[in-house]
Amino acid sequence: MQPQDVTRVLSDPLAQELMQSSIPARLAYLGPDGFPRAIPIGFHWNGSQFVLCTVPHAPKVSALKTNPKVAFTVDTNAFPPHVLLVRGTAAIDIVDGVPPEYLAASRKGVGPDQWDAFEAQVRAMYKQMARIKITPLWAKLLDFQTRFPTSIEKLIRRVS
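It should be emphasised that the depicted structure is a prediction, and the values quoted were computed from it without experimental measurement.

Student: Pulling in residues and values, what's your account of the pairing of strand S1 (residues 25–30)?
Tutor: By the alternation rule, side chains of S1 split into Ala 25, Leu 27 and Tyr 29, which are all buried, and Arg 26, Ala 28 and Leu 30, of which none is buried. The sheet contact formed by S1 and strand S2 (residues 36–41) spans 6 bridges and is antiparallel. Looking across to S2, one finds that Ala 28 is bridged to Ala 38. If you look at the hairpin formed by S1 and S2, you'll find 5 residues sitting between the two strands, and Gly 34 has a positive phi there, around 90°. With 3 bridges connecting them, S1 and strand S5 (residues 69–75) associate as antiparallel partners. Each residue of the ladder has a partner; that of Ala 28, found in S5, is Ala 71.

Quick look at the structure:
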């Protein structure tokens, strides 16, 4: 997929809505034992990359250093589902303290009445964090009204 096509998908209002929602993403990566992992995780979209933060010794950090290829999904439970699918590569840096992207991701799910206590707890707990930046190389948006998985699009064309 060309970079401008990825940008077009991620700029779509529905994609923007999903990226700004409090819905956790599902991050898929290959574990050290060769089996895939899919985990829920908070994220922040910085306009060009998805940023996820975790403890430096989390299993996903070493796995992503070995194989940085990931899949990333944000989806709804309502009918019809809305789904943002992303494939890309992850780069990791270890930062002192709490990265601003972690706080931005957390702010989507933590209410204003709980924010101050949450932030204080996080800053006291994390002396360092791993910041995972995912550069999207492919993206697709599904709304199951006008945008479908490719296999369903083919079926619709055959039936029509």
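Now that the structure has been shown, the text picks up again.
Student: How would you explain the nonpolar core if you had to name every residue and give the values?
Tutor: Across soluble globular proteins, you tend to see nonpolar side chains buried next to one another. In terms of nonpolar packing, the biggest core is built from 27 residues, with Leu 10, Phe 50, Leu 52, Phe 72, Leu 84 and Ile 134 touching the most fellow members. Elements with a contribution of two residues or more to this core: helix H1 (3–11), helix H2 (13–20), S1, strand S4 (50–54), helix H3 (59–66), S5, strand S6 (83–96) and strand S7 (128–142). When near neighbours in sequence (up to four residues on either side) are disregarded, Ile 134 contacts Leu 27, Gln 49, Phe 50, Leu 52, Val 70, Phe 72, Gly 88, Thr 89 and Ala 90.

Student: Now, about the packing of aromatic side chains: what can you tell me, with residues and values included?
Tutor: Taken as a whole, this structure holds 7 aromatic pairs when the rule is applied. An angle of 40° between the planes, with centres 4.5 Å apart, marks the rings of Phe 50 and Phe 72 as tilted. With Phe 50 in strand S4 and Phe 72 in strand S5, the pair connects residues that are 22 residues apart, well separated along the chain. On the accessibility criterion, Phe 72 (1% relative accessible area) is buried. Taking 5.5 Å as the distance between ring centres and 40° as the angle between the ring planes, the aromatic pair formed by Trp 115 and Phe 118 counts as tilted. Taken together, the positions of Trp 115 and Phe 118, both in helix H5 (residues 112–125) and 3 residues apart, correspond to about one turn of that helix. Positioned above the aromatic ring of Trp 115, the side-chain terminus of Arg 107 is 4.0 Å from the ring centre. Lying across the ring of Phe 43, Lys 108 places its NZ or CZ 3.8 Å from the centre.

Student: Any chance you could break down H1 for me, citing the residues and the numbers?
Tutor: Residues Val 6, Val 9 and Leu 10 constitute the buried set of H1. Down the axis of H1, the smallest arc covering the buried residues is 95°, so these residues share one side. Projecting away from the buried face of H1 at angles above 90 degrees are the exposed residues Gln 4 and Arg 8. In this structure, the buried residues of H1 make contact with H2, strand S3 (44–45), S4, S6 and S7.

Student: Just give me the short version of H5, but keep the residues and values in it.
Tutor: Compared with the 20 Å implied by 1.5 Å per residue over 14 residues, the 20 Å span of H5 between its first and last C-alpha is a close match. For H5, every residue scored as buried is listed here: Trp 115, Phe 118 and Val 122. Buried residues along H5 sit in contact with helix H4 (100–107).

So, how was this worked out
Here, residues in each chain are numbered from 1, in the same order as that chain's written sequence. For a predicted model such as this one, the threshold for reporting local features is a pLDDT of at least 70, and the threshold for listing and counting side-chain atom pairs is 80 or more; totals across whole chains, interfaces and linings nevertheless cover every residue. Where side-chain values are given, they derive from all heavy atoms of the structure, hydrogens and water being excluded. Between buried and exposed lies partly exposed: a residue is buried under 20% and exposed over 50% of the maximum accessible area for its type, with that area taken using a 1.4 Å probe on protein chains only. Secondary structure is summarised from DSSP: a helix means a run of H or I of at least four residues, a strand means a run of E of at least two, and numbering begins at the N terminus for each. Here, a strand pair is defined by DSSP locating no fewer than two bridges between the strands. Nonpolar core, defined: a set of buried Ala, Val, Leu, Ile, Met, Phe, Trp, Tyr and Cys residues in which side-chain atoms within 4.5 Å join the residues together. Contacts are assigned to residue pairs with any non-hydrogen atoms lying within 4.5 Å of each other. Stacked, tilted and edge-to-face pairs are distinguished by plane angle, under 30 degrees for stacked and over 60 for edge-to-face with tilted covering the rest, among Phe, Tyr and Trp rings (Trp via its six-membered ring) whose centres lie within 6.5 Å. Put simply, a charge is over a ring when the Lys NZ or the Arg CZ is close to the ring centre, within 6 Å, and near the line of the ring normal, within 35 degrees. By definition, the arc is the one covered by directions from the helix axis to the C-beta atoms. The span expected for a helix works out to 1.5 Å for each residue beyond the first.

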